[in-house]
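Inside the fold
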Amino acid sequence: MKSEALLWGACFGAADALATARLLCCIAGLGACLSCAEWCHPWDKLARLAPLDTRRHARGGWRVFWHPHGTRALLLGRFVCALAAVISSLTGWLPPAWVGAPAMLAGTASLLLRADEPIGVQVALDGGEYLLMVCLLCVGAGLALGTSVALQAALVFVAFQALLEYASAGWIKLRAWRGWLDGTFLQRVVAASNYGHPALVAPLARHPRRAGLLSIAVIALELALPATPLLARPYAELVLAAALLFHVGTGAVMGLNSFVWGFGAAFPAILYCRDWLLS
Amino acid sequence: MSASVLFIGLLCAWALFSLLRFVHMYDPASVFQRWRRFDRLRLVPFGAFFAPQPPAIEYSLLVRDVLGDGELTPWTELPRLPPRSCWHVLWNPDKHSGKLRTALARRLLVAAARLGHTGSSTPPPQLLLCPEYVSVLRFVSDLPRLGVTRATQFAAVETQLPTRSCQRCVLSGLHEV
């Protein structure tokens, strides 16, 4: 067992894997803490989200209790576990299982929140929340299992999921590239009240070519990101920095802040895969 | 070690289904998408980020109240969300309310279309009893109000983007609050 661990460590750099996993858990844990706080602000918001579960009052019983009290308890548990994962990953001297166990529990709570109503809350889910769940659950389990092969598999899986999301977003947008190129689709996005920005509606309508160029730049970035594990230093870092800038921009303009944490947490795993592939 | 092997096997299966989601991804009835009925925890997400194109329509909820003195308030879009700010990159709890509004209005419009109710005339009795209508009514009634309100009326509206021209509308009756 020991020789096997040493072999894996020599092949894939187990020490780097551990440092990467700690950093990933720290970022994902912070994102999960923030997400829990958003779900519970204001305190009665969860109760107002209840109308979507239309069968709740008809069936009564535990459904009425669960939403919002059970959901709040689940969110509180997720918050505490994510915070514990952040603190334990920052200490540096705690054994990997002490980082992994709370991260895995936070990931499990995130997973339960994806269930059908009334256990889950469907309107609060997005791609950022999905990647937060994947990061915490898989890397947490990889750390908790205590073998380097499990941890490395978890890191590769997180990188795969993040890059798959980028690739799919880019390739599927290409199906309707004309609308993106002439700026029509970006104008729709900024005009929407949920994800838009009123200050950008008029400028983009006046300059549709600029809107088209911006859209194509985003699609090019989404298509370039899956190649990052094959890019040498510092090109991969530059592409990921551009991606982070894109997420910060969409967070400020479109309010999609969970993507900053979800995809940002996956970036160390992508760089880990790059180091592994190019070593 | 056996736990690690099992863990890696699970990750491989998850990765496989993540790839399989792209086969006939927009056709839920497809043979390649039948496994989704077992994915109760949504381990594999639907669709892709604003792809292939963002929706051309938007759903919103409008509300007006009959005040204690009988005065009718103007139509107001609910819930009232604060304007976009740079802070939303860190803290944006209102995004859930926006998505809830969209979901409620869309479900009501779909239910009305299913019952053959189009336009802004008085809703048929079947619509008044459907869960989607009751959900919106409960949501609207629970909203905090500044003064005494005798009754409320709401409308679910579908608008075209970016022109914001109205495409469809369901208008409720007056309901006592």
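These numbers were taken from a predicted model, which means no experiment stands behind them.

Definitions and limits used
Residues numbered from 1 in each chain as written. Chains lettered and ligands numbered in written order. Predicted model: local features only at pLDDT ≥ 70, side-chain atom pairs only at ≥ 80, totals over all residues. Heavy atoms only, no water. Helix = DSSP H or I, 4+ residues; strand = E, 2+ residues; numbered from the N terminus. Rg over C-alpha atoms; globule rule 2.2 N^0.38 Å. Buried < 20%, exposed > 50% of the residue type's maximum accessible area, 1.4 Å probe, protein only. Contact = heavy atoms within 4.5 Å. Areas by Shrake-Rupley, 256 points an atom, 1.4 Å probe, with all protein chains shown as cover. Core = buried A, V, L, I, M, F, W, Y, C linked by side-chain atoms within 4.5 Å. Phe/Tyr/Trp six-rings, centres within 6.5 Å; stacked < 30°, edge-to-face > 60°. Lys NZ or Arg CZ within 6 Å of the ring centre and 35° of its normal. Disulfide = S-S within 2.5 Å. Axes fitted to C-alpha atoms, helices over the stretch in contact; angles between N-to-C directions. Parallel < 35°, antiparallel > 145°, perpendicular 65-115°, else oblique. Nonpolar A, V, L, I, M, F, W, Y, C, P; charged D, E, K, R; others polar. Buried area = accessible area lost by both parts, 1.4 Å probe. Salt bridge = Lys/Arg side-chain N within 4 Å of Asp/Glu carboxyl O. Polar contact = N/O pair within 3.5 Å; in protein donor to acceptor, adjacent residues only side chain to side chain. Expected span 1.5 Å × (residues − 1). pLDDT = per-residue confidence, 0-100. Patch = residues over 30% accessible without salt bridge, like charges linked within 9 Å, V, L, I, M, F, W, Y side chains within 5 Å.

1. Considerations on the overall build of chain B
Broken down by element type, chain B carries four helices and five strands. Listed by position from the N terminus, the elements making up chain B come as α-β-β-α-α-α-β-β-β. Against the compact-globule benchmark of 16 Å for 177 residues, chain B has a radius of gyration of 21 Å, which places it well outside the compact range. Principal axes of the C-alpha set define a box for chain B whose edges measure 75 × 40 × 35 Å. The buried share among the 177 residues of chain B stands at 45%. Taking all contacts inside chain B whose residues are at least 6 apart in sequence as the whole, residues at least 24 apart take part in 54%. Accessible surface, chain B as shown: approximately 9600 Å² in total, 64% of it carbon and sulfur.

2. Observations regarding the nonpolar core
Core analysis: the biggest nonpolar cluster contains 66 residues, and Val-134, Cys-138, Val-139 and Val-158 of chain A together with Trp-14 of chain B have the highest contact counts within it. For this core, the element with the highest residue contribution is helix 7 (residues 127-145) of chain A, accounting for 12 residues. For Cys-138 of chain A, the contacting residues outside a window of four places in its chain are Met-133, Ala-154, Phe-157 and Val-158 of chain A together with Phe-7, Leu-11 and Trp-14 of chain B. Membership of the second largest hydrophobic core comes to 34 residues, among which are Leu-46 and Leu-74 of chain A together with Ala-103 and Ala-112 of chain B.

3. A short note on the packing of aromatic side chains
Following the criterion strictly, the structure yields seven aromatic pairs over all chains and no others. Taken together, a centroid distance of 5.2 Å and an interplanar angle of 50 degrees make the contact between Tyr-133 of chain B and Phe-154 of chain B tilted. Taken together, the positions of Tyr-133 of chain B in helix 4 (residues 131-142) and Phe-154 of chain B in strand 3 (residues 149-160) put the pair 21 residues apart, joining distant regions of the chain. We note that Tyr-133 of chain B, like Phe-154 of chain B, is buried. Among the aromatic residues, ring-to-ring pairing joins Tyr-166, Phe-259 and Phe-263 of chain A into one connected group. Over the face of the ring belonging to Phe-46 of chain B we find Arg-36 of chain B, whose NZ or CZ atom lies 4.1 Å from the ring centre.

4. Here's the deal with the state of the cysteines
On inspection of all chains with the given rule, the structure shows zero disulfides over all chains. Cys-40 of chain A takes part in no disulfide bond, and the closest cysteine sulfur to it belongs to Cys-36 of chain A, at a distance of 7.0 Å.

5. Observations regarding the packing of helix 13 (residues 235-254) of chain A against helix 14 (residues 258-278) of chain A
Residue and element names in this part refer to chain A. Helix 14 packs onto helix 13 with a crossing angle of 175 degrees between their chain directions and a minimal axis gap of 10 Å. Looking at the two axes, helix 13 sits roughly antiparallel to helix 14. Each of Ala-236, Glu-237, Leu-240, Ala-243, Leu-244, His-247 and Val-248 in helix 13 lies in contact with helix 14, whose residues at this interface are Phe-259, Val-260, Phe-263, Phe-267, Ile-270, Leu-271 and Arg-274. For the contact of helix 13 with helix 14, the per-class residue count stands at 11 nonpolar, one polar and two charged.

6. What to know about the interface of chain A and chain B
In this assembly, 73 residues from chain A lie in contact with 58 residues from chain B. Across the chain A/chain B interface, buried area totals approximately 5900 Å², and carbon plus sulfur atoms make up 64% of it. Taken together, the links from chain A to chain B amount to four salt bridges. One salt bridge in this structure joins Arg-40 of chain B and Asp-116 of chain A, with 3.0 Å as the shortest N-O distance. On the surface where chain A and chain B come into contact, there are 29 residue pairs in polar contact (both at pLDDT 80 or more). Taken together, the elements giving at least two residues each to the side of chain A that touches chain B come down to helix 2 (14-39), helix 3 (45-48), helix 6 (96-112), helix 7, helix 8 (148-174), helix 10 (184-191), helix 13 and helix 14 of chain A. Sorting elements by how many residues they give to the side of chain A that touches chain B places helix 8 of chain A first, with 13 residues. Its residues assigned to classes, the side of chain A that touches chain B shows 44 nonpolar, 17 polar and 12 charged.

7. What to know about the pattern of salt bridges
Residues and elements named next belong to chain A. This model, assessed by the stated rule, comprises 13 salt bridges over all chains. Across the pair Arg-233 and Glu-237 runs a salt bridge whose closest N-O atoms are separated by 3.8 Å. The network of salt bridges with common partners includes Arg-233, Glu-237, Arg-274 and Asp-275.

8. Comments concerning helix 13 of chain A
Residues and elements named next belong to chain A. Between the first and last C-alpha of helix 13 there are 28 Å, a value that for 20 residues agrees with the 28 Å anticipated at 1.5 Å per step. Contacts made by the buried residues of helix 13 are with helix 8, helix 10, helix 12 (208-224) and helix 14. Positioned one or two residues after helix 13, Gly-255 has a phi angle of 75 degrees, which is positive.

9. Some remarks on the confidence of the model for chain B
Residues and elements named next belong to chain B. Of the residues in chain B, 97% reach a pLDDT of 70 or more, and the chain-wide mean stands at 88. Confidence scores differ between elements of chain B, with helix 3 (residues 125-129) showing the lowest mean pLDDT of 83 and helix 1 (residues 2-20) the highest of 96. Two summary scores accompany this predicted model of the complex, namely pTM at 0.91 and ipTM at 0.91.

10. Quick notes on a nonpolar patch on the surface
All names here are of chain A. Together, Leu-76, Phe-79, Val-80, Leu-83 and Ile-87 give the surface a local cluster of nonpolar side chains, amounting to about 440 Å² of exposed area. Among the secondary structure elements, Phe-79 is positioned in helix 5 (residues 62-91). Taking relative accessible area as the criterion, Phe-79 reaches 31% and is therefore assigned partly exposed.

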